[in-house]
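# A closer look at the structure
For reference, the chains in residue letters:
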Amino acid sequence: MEPQDAPDGPEAQRGFICASFNQDTTSLSVGTKTGYRLFSATAVDKLERIHEGECPDVYIVERLFSSSLVVVVSLSMPRRMNVYHFKKGTEICNYSYSNNILSVRLNRQRLVVCLEESIYIHNIKDMKLLKTLLNTPTNPSGLCALSVNHSNSYLAYPGSTTIGEITVYDANNLSTLTLIQAHDSPLAALTFNASGTKLASASEKGTVIRVFTIPEGQKLFEFRRGMKRYVSISSLSFSADAQFLCASSNTETVHIFKLEQHCPSSQEEESPTWSAYVGKMFTAASTYLPAQVSDMMHQDRAFATVRLNMFGLKNICALATIQKLPRLLVASSDGYFYIYNVDPQDGGECILAHKHRLFDSSEEQVEGSDEDKLDNVAPQPASQSYAATVALPSTPPSSTTLMGYSEDGGAQKGEIIPEHEFAEGPICLDDENEFPPVGSHSN
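### Notes on unusual backbone geometry
Residue Pro215 follows Ile214 across a cis peptide bond; omega there is 10°. Position of Pro215 relative to the elements: it lies in the loop between strand E19 (208-213) and strand E20 (219-224). With a phi close to 55°, Asp57 is a non-glycine residue in the positive phi region. Mapped onto the elements, Asp57 comes out in the loop between strand E4 (48-54) and strand E5 (58-63). On the basis of relative accessibility, which here comes to 18%, the residue Asp57 falls in the buried class. The backbone of Ala242 sits at a positive phi, close to 60°, despite the residue not being glycine. Tracing the sequence through the fold places Ala242 in the loop between strand E21 (233-238) and strand E22 (244-249). Accessibility expressed as a relative area gives 7% for Ala242, which makes it buried.

Shown next as structure tokens:
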């Protein structure tokens, strides 16, 4: 969820800025004007707050699975990425970049930082800068997606500013895989399934969502979200088994699509019904119709939907299995976290199971203006680091810009490479004692 003007109401006063789910949808991260919060999303009737960190105006917060590693970017220093071990209350390292950070994506192999016209790929185990993709098409929203499956670590980002072209990049082998001509309009949303074998996309029009095979780039499915109006798709998310795909927007409706191929059964072939006959007639007629009309006749509609009690507010959605049942999770800028029951057989309208406050009603309201935006942030003096204020009685590290790794592994003259500042001791992000692998959840 991108930084935005705060909505009206009491939750806006508390400074909700952004929200994100971790890679397996077991945790929700929320950025606010006073810091960030991590919640456990593994129960329906309880939203447990795992951690709360202090940092002004957090507009990016990303947690690595269920580990203690969390990445934070603040509006007060939008060019600087801080990596924390939140359980120890220590800063692992931080990097500074040549422009504002627009998004961060991570899995167990790679950490990707997206700027407006460049992308930085780090090895997450030692934070070494492996590759800098320079002069990428202008990407003001920082749109990109990284496969959760670290064995392939596919990265997707816009390949054009005028049409919906997707560049799929292999972040492990550091090479471009394929270009996908996905939409006629510029891209608005991208997401991989858990295994990295499927990629879903939506354009700025928001009417059609397409799913492609990866790495081939062949179109598998095409879903129509709506026809009456263009909308802004704010999130796309696959279920863990990639059988379902959910999409939320700035409207009041969240759509869930079912990824299934429509094959006629042998019974229908032997004794065709009237509806089957009409369907065949439409299919035959579509070959003589204009391409746009023909495409609409072959597009599937939503399998299930949710009607939110809001309109025009940004939100993120995800599909998860909680307590052995399929659920739709929605975190909204109204300051609430919604959990809906999903019927995997019949679909239809999803039922609200629980609604949680992301802020306690007794919390003191935060004063501040609502015009803070990423594009017009004035540089602020470096404040004391989180690690220093919480755990370490040390002073902030000195700020230096170092020449780093270019695409061929050497320093490239004139290129500004992020500063590389380490906390005490070497980075050891592959230490399973500190960052254990995700265990199986018996929900």
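### Re the nonpolar core
Counting 35 residues, the largest nonpolar core has Tyr36, Met81, Ile101, Val104, Leu111 and Val113 as its most contacted members. At the level of secondary structure, the elements contributing two or more residues to this core comprise strand E1 (16-21), strand E3 (35-40), E5, strand E6 (69-74), strand E7 (77-85), strand E8 (90-96), strand E9 (103-106) and strand E10 (110-114). Looking at this core, the element that brings in the most residues is E6, giving five residues. In this view, Val113 contacts Met81, Tyr97, Ile101, Ser103, Val104, Ser118, Ile119, Tyr120 and His122; residues no more than four positions away in its chain are not counted.

### A short note on the packing of aromatic side chains
Inspection of every chain in the model, using the stated rule, returns nine aromatic pairs. For the ring pair Phe223 and Phe257, a centre distance of 4.8 Å and an interplane angle of 25° mean the geometry is stacked. Of this pair, Phe223 sits in strand E20 while Phe257 sits in strand E23 (residues 253-258), placing them 34 residues apart in sequence. Looking at Phe257, the relative accessible area reads 0%, which means it is buried. Cluster of aromatic residues (ring-pair linked, three or more members): Tyr95, Tyr97 and Tyr120.

### So, the pairing of strand E24 (residues 304-307)
Bridge count for E23 against E24 is four bridges, and the pairing is antiparallel. The partner of Thr253 across the bridge, within E24, is Arg307.

### Focus: the sheet that holds E24
Here five strands make up an open sheet; going across it, the order is E21-E22-E23-E24-E28 and the pairing mixed. Looking at strand neighbours, the two that pair on one side only are E21 and strand E28 (348-349), the edges of this open sheet. Note that E24 and E28 share two bridges and pair parallel. Residue pairing across strands places Thr305 opposite Glu349, the latter belonging to E28.

### Concerning the environment of His255
Counting through the fold element by element, His255 comes out in strand E23. For His255, a relative accessible area of 7% gives the class buried. Once you skip the residues sitting within four places of it in the chain, His255 turns out to touch Arg225, Leu245, Cys246, Ala247, Ala302, Ala304 and Thr305.

### Considerations on the pattern of salt bridges
Scanning the model with the defined rule gives six salt bridges in all. For Arg49, the salt bridge goes to Glu52, with nearest N and O atoms at 2.8 Å. A residue is classified by how much of its surface remains accessible, and Arg49, at 33% relative accessible area, is partly exposed. Ionic pairing is found between Arg307 and Glu252, a salt bridge with its closest N-O pair at 3.5 Å. One end of the pair, Arg307, is in strand E24; the other, Glu252, is in the loop between E22 and E23, and 55 residues separate them in sequence.

### Structural notes on the confidence of the model for the chain
Summary statistics for the chain give a mean pLDDT of 79 and a share of 69% for residues scoring 70 or more. Confidence drops under a pLDDT of 50 for residues 4-13, and excluding neighbours within four residues, the segment shows 20 contacts in the predicted structure. Overall, residues 264-271 carries pLDDT values under 50, and its contacts beyond four positions in sequence, including any with other chains, amount to two contacts.

Rules and cut-offs
- For every chain, the first residue of the written sequence is number 1, and numbering continues from 1 onward in sequence order.
- For a predicted model such as this one, the threshold for reporting local features is a pLDDT of at least 70, and the threshold for listing and counting side-chain atom pairs is 80 or more; totals across whole chains, interfaces and linings nevertheless cover every residue.
- For side-chain calculations, the full set of non-hydrogen atoms in the structure is used, while hydrogens and water are omitted.
- Only DSSP runs of H or I with at least four residues qualify as helices, and only runs of E with at least two residues qualify as strands; both kinds are numbered from the N terminus onward.
- A 1.4 Å probe rolled over the protein chains alone gives each residue an accessible area, and that area as a share of the maximum for its type sets the label: buried under 20%, exposed over 50%, partly exposed in between.
- Definition used in this section: a nonpolar core is a set of buried Ala, Val, Leu, Ile, Met, Phe, Trp, Tyr and Cys residues joined via side-chain atoms within 4.5 Å.
- Contact between two residues is taken to exist if any of their heavy atoms lie within 4.5 Å; hydrogens are not considered.
- Ring pairs are drawn from Phe, Tyr and Trp, using the six-membered ring of Trp, whenever the two centres fall within 6.5 Å, and their geometry is named by plane angle: stacked under 30 degrees, edge-to-face over 60, tilted for the rest.
- When DSSP locates at least two bridges between a pair of strands, those strands are taken to pair.
- We define a salt bridge as a contact between a side-chain nitrogen of Lys or Arg and a carboxyl oxygen of Asp or Glu at a distance within 4 Å.
- Each residue gets a pLDDT score, which is the predictor's confidence in that residue and runs from 0 to 100.

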